[in-house]
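# Reading the structure
Below, each chain spelled out in residue letters.
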Amino acid sequence: KTFQTQTNKRVTKEYIRSLFDLWNNALATGDSAIVAQRYTQDATLLPTLSDRLRNDSASIQDYFDNFLSKKPTGRILEGYVQIQEPTWAQDNGIYEFTMGVDGSIVRARYTFIYQRQQNGEWKIIHHHSSLMPEYQQKKRRR
């Protein structure tokens with residue numbers, strides 16, 4: 001399913017999936033301000049490794065200050081992209097992060113909802129990430 005945007009560029013599932021790569025590349029910089037720029041000013045983040053809802057740029061950046069200290073590298077294991085309108089899309093699935101500081105792996109469910117901005121850039125308006133229940137149970141048994 002594709003849509004023509006106002007700039008006559010086609011929005012494809014592959015393009016929406018590539019937005020994860022932009023976000024993951026922002027993580028690789030180690031700079032929480034760069035990561036926070038991938039989100040809209042009023043985005044919501046329900047992060048993997050925090051119990052707090054983050055609903056503005058400052059609190060999102062604060063979360064990534066800590067998360068980036070673990071030197072994460074993410075990859076999508078399974079995902080499903082839906083393009084709902086020419087101005088928004090979502091990517092849902094399972095991803096995992098390898099933490100560069102100790103090699104540990106964190107596997108989680110995710111949802112990214114992207115919104116096309118007036119300048120044509122796609123940004124994250126909502127991001128939900130939660131540990132897999134089976135993964136949590138295995139960690140507790142150890």
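The shown structure was predicted, so the numbers you read here are calculated from the model rather than taken from an experiment. (Residues numbered from 1 in each chain as written. Predicted model: local features only at pLDDT ≥ 70, side-chain atom pairs only at ≥ 80, totals over all residues. Heavy atoms only, no water.)

### Some details on the environment of R75
On the secondary structure map, R75 appears in strand β4 (residues 72–85). C-alpha of R75 to C-alpha of Y95: the two residues are 20 residues apart in sequence and 5.6 Å apart in space. With sequence-adjacent residues up to four places away left out, R75 is seen in contact with F20, Y95 and E96. (Helix = DSSP H or I, 4+ residues; strand = E, 2+ residues; numbered from the N terminus. Contact = heavy atoms within 4.5 Å.)

### So, the pattern of salt bridges
This structure, assessed with the given rule, holds 6 salt bridges. One salt bridge connects R17 with D91, and the closest N-O pair in it is separated by 2.9 Å. A residue pair is termed long-range when its members are at least 10 positions apart, and R17 in helix α1 (residues 13–28) and D91 in strand β5 (residues 88–99) qualify at 74 residues. Given a relative accessible area of 24%, R17 falls into the partly exposed group. (Salt bridge = Lys/Arg side-chain N within 4 Å of Asp/Glu carboxyl O. Buried < 20%, exposed > 50% of the residue type's maximum accessible area, 1.4 Å probe, protein only.)

### Details of the confidence of the model for the chain
Here the chain averages 90 in pLDDT, while 88% of its residues score no lower than 70. At the level of individual helices and strands, the chain shows its lowest average pLDDT in strand β1 (residues 3–4), which scores 40, and its highest in helix α2 (residues 32–36), which scores 98. Segment residues 1–8 is flagged for pLDDT under 50; beyond a separation of four residues in sequence, or across chains, it makes 22 contacts in the model. (pLDDT = per-residue confidence, 0-100.)

### Observations concerning the sheet that holds strand β6 (residues 105–116)
Read from one edge to the other, the open sheet built from 5 strands follows the order β3-β7-β6-β5-β4, with strand pairing classed as mixed. Every interior strand has two partners, whereas the edge strands, β3 (39–46) and β4, have only one. Taken pair by pair, the neighbouring strands of this sheet meet at an average axis angle of 20 degrees, ignoring direction. As paired strands, β6 and strand β7 (residues 122–131) are joined by 9 bridges and run antiparallel to one another. Looking across to β7, one finds that R116 is bridged to W122. Each of β3, β4, β5, β6 and β7 touches α1; the most contacted strand, β4, lies at about 145 degrees to it. Contacting β3, β4 and β5, helix α3 (residues 57–67) runs over the sheet at an angle of about 55 degrees to β3. (Pairing = 2+ DSSP bridges. Axes fitted to C-alpha atoms, helices over the stretch in contact; angles between N-to-C directions.)

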